[in-house]
Amino acid sequence: MMTLSYPPYPGAPAAGMSATGLPYWLPGVPPKRSKWGRRVGLMLMVVVLAAGSLLVGAIIGRTPVQLNEALDPVPPRPSDSASDREWENYVGPAALALLKRQSEALLKGDEKGWLAPYDADDKDLIKEQRDRYASLRNLQVTNWQYRIDGTPDARSKTGGVHKFDIDLVVGYCFGASDPKACLPTDVYLPTKWEVGADGPHITGVDESPANQAGPRPFEVSDLVAESGDRVIVAAPPQYKNRLSQAVDVAEKAAENADKYARWQKVDRYVVFLAGEKEFSQWYGTGDIGQNVVGFALPLGSMSEKGVWQQTGIEVVMHVERLGNREEFTSTMRHEFGHVVTLLGSADVQPQPEDFFLNEGIAEYIDYGDGPVSRYPRLSNVTDYLSRSSWNGSLEGVKKTDDGLTGSAKYGIAFMAVKYLIDTYGQDKFFEFYQKVGREGEAADGVSSATFGESWTNVQKKIEDYVRSSA
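Remember, it's a predicted structure, so these values are computed and weren't measured experimentally. (Residues numbered from 1 in each chain as written. Predicted model: local features only at pLDDT ≥ 70, side-chain atom pairs only at ≥ 80, totals over all residues. Heavy atoms only, no water.)

**Re the overall build of the chain**
Logical step 1: Tallying secondary structure elements over the chain gives 13 helices and 13 strands in all.
Logical step 2: Taken across its 470 residues, the chain has 58% of its residues classed as buried.
Logical step 3: Accessible surface, the chain: about 18800 Å² in total, of which carbon and sulfur atoms supply 48%. (Helix = DSSP H or I, 4+ residues; strand = E, 2+ residues; numbered from the N terminus. Buried < 20%, exposed > 50% of the residue type's maximum accessible area, 1.4 Å probe, protein only. Areas by Shrake-Rupley, 256 points an atom, 1.4 Å probe, with all protein chains shown as cover.)

**Things to note about the pattern of salt bridges**
Logical step 1: Under the definition given, this model contains 22 salt bridges.
Logical step 2: D427 is the partner of R262 in a salt bridge, and the nearest nitrogen-oxygen pair spans 2.7 Å. Highlighted residues: R262 in the loop between α5 (243-258) and β11 (269-274) and D427 in helix α11 (residues 426-438), separated in sequence by 165 residues.
Logical step 3: A relative accessible area of 35% places R262 in the partly exposed class.
Logical step 4: Between K460 and D464 there is a salt bridge, with its nearest N and O atoms 2.8 Å apart. Linking K460 with D464, this pair stays in helix α13 (residues 455-469), spanning 4 residues, or about one helical turn.
Logical step 5: Residue K460 is classed as partly exposed on the basis of its relative accessible area of 43%.
Logical step 6: Taken together, the salt bridges that share partners define one network made up of R155, D165 and K192. (Salt bridge = Lys/Arg side-chain N within 4 Å of Asp/Glu carboxyl O.)

**A word on the nonpolar core**
Logical step 1: Membership of the largest hydrophobic core comes to 73 residues, with the highest contact counts inside it found for L273 and F336.
Logical step 2: Those residues in contact with L273 that sit more than four places away from it in its chain are V233, A234, A235, P236, R242, L243, A246, W282, M317, V319 and F328.
Logical step 3: In this structure, L98, W114, A213 and V292 belong to the second largest nonpolar core, which totals 51 residues. (Core = buried A, V, L, I, M, F, W, Y, C linked by side-chain atoms within 4.5 Å. Contact = heavy atoms within 4.5 Å.)

**Quick word on the packing of aromatic side chains**
Logical step 1: All told, the structure shown has 31 aromatic pairs when counted by the stated rule.
Logical step 2: Cluster of aromatic residues (ring-pair linked, three or more members): W114, Y118, Y133, W144, Y146, Y172, F174 and F218.
Logical step 3: Lying across the ring of W263, R438 places its NZ or CZ 4.3 Å from the centre. (Phe/Tyr/Trp six-rings, centres within 6.5 Å; stacked < 30°, edge-to-face > 60°. Lys NZ or Arg CZ within 6 Å of the ring centre and 35° of its normal.)

**Considering the packing of helix α12 (residues 443-451) against α13**
Logical step 1: In contact at an axis separation of 8 Å, α12 and α13 are set at 80° when each is read in the N-to-C sense. Between α12 and α13, the interaxial angle falls into the category roughly perpendicular. Of α13, the residues touching α12 (which contributes A443, D444, S447 and F451) are W455, T456 and V458.
Logical step 2: Here the residues of the contact of α12 with α13 sort into 4 nonpolar, 2 polar and 1 charged. (Axes fitted to C-alpha atoms, helices over the stretch in contact; angles between N-to-C directions. Parallel < 35°, antiparallel > 145°, perpendicular 65-115°, else oblique. Nonpolar A, V, L, I, M, F, W, Y, C, P; charged D, E, K, R; others polar.)

This is the structure in structure tokens:
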């Protein structure tokens, strides 16, 4: 068993972050509007070195968006003297028809068809997209569906060449066992187009912005991958030698996490191995602390009615910071615990109990139902109680907490979840978790209905249990 000392954890949150632990606004993911007309629901589960995790939530609100599917047939090409509006009405359907053929090429393994929409004279663009094609194929892409956000924007017209900005939304799935049943995860891709005598083609593809959880790994990194029955693990080529071991660890972690699939079965657990560069670059998380070794990021898509839904959770592991296989295994088990308990959860107002519920159940899924006396953080909890005037609260980590306090709060979260499961059973605990953690209901009313007593009384019993156990 791994012996844990109290860990360092991500430092003081930026201005505007909650002092109570939830939600925290992520550095690098500001709540600003994009042209997309919606905002990504972002909740980042961060695992710190030798420590379990710190929940950081950023809910960046949502508004409806009109996403245009491919139109068939494509309207006739306007004359060069036609208005911008006429050209915009033409180029959207024309671009989507071209992109639909490109999607089909990607899914059947036709690299030439994938490259067809791009400016063949731009060698850098062709190389970039050839590399992206290889990464997506390595990730076993099973769905790649284009939509347009709004309408194309006409930029300029020179010598019969019309230039446009087109904001694309791509829905993707990796390794889906049934692609038709997979709910794709959206990524937002700004693109530049030109339409000349030979038709439309793409002249530039920008990275998805940080406030849309971008860039995604396949946008900015060449990726190789290996898979098992339940997992896909991808990494930049310099970490290729870590893939086999990672798949072995991930397969065992998936088997463990699957036992807790109360809401829906995870089709494939998707894991990305990162180094220092990738860890700070992917998903727009920026600098989330030098002691962070992994995170799980819920992602989603927008329905035609403008309703956001979570469709997948991607896991990132920092291979250069994970010291040994035991630590790597524990981190993977913990993060898969987040995946299996949060997958498909609703976009709701966070509750004060979210920290202990999410981190406690992830610790429980990692550690299992063994005795509290052998739980690795128990000594941290004991030290914390001996030096502080803990009032029995189950609050999350504050920016002013030191390492011992942070670790102890993770430990207390685990002990609280274990108490609830041991006392009321898993069914009752997960009923409480569903209502409070996944649906955002207030804990007190749910506690009375589920446990038969007020949340205040239950908390007091948890406090007594923690003090007697530690």
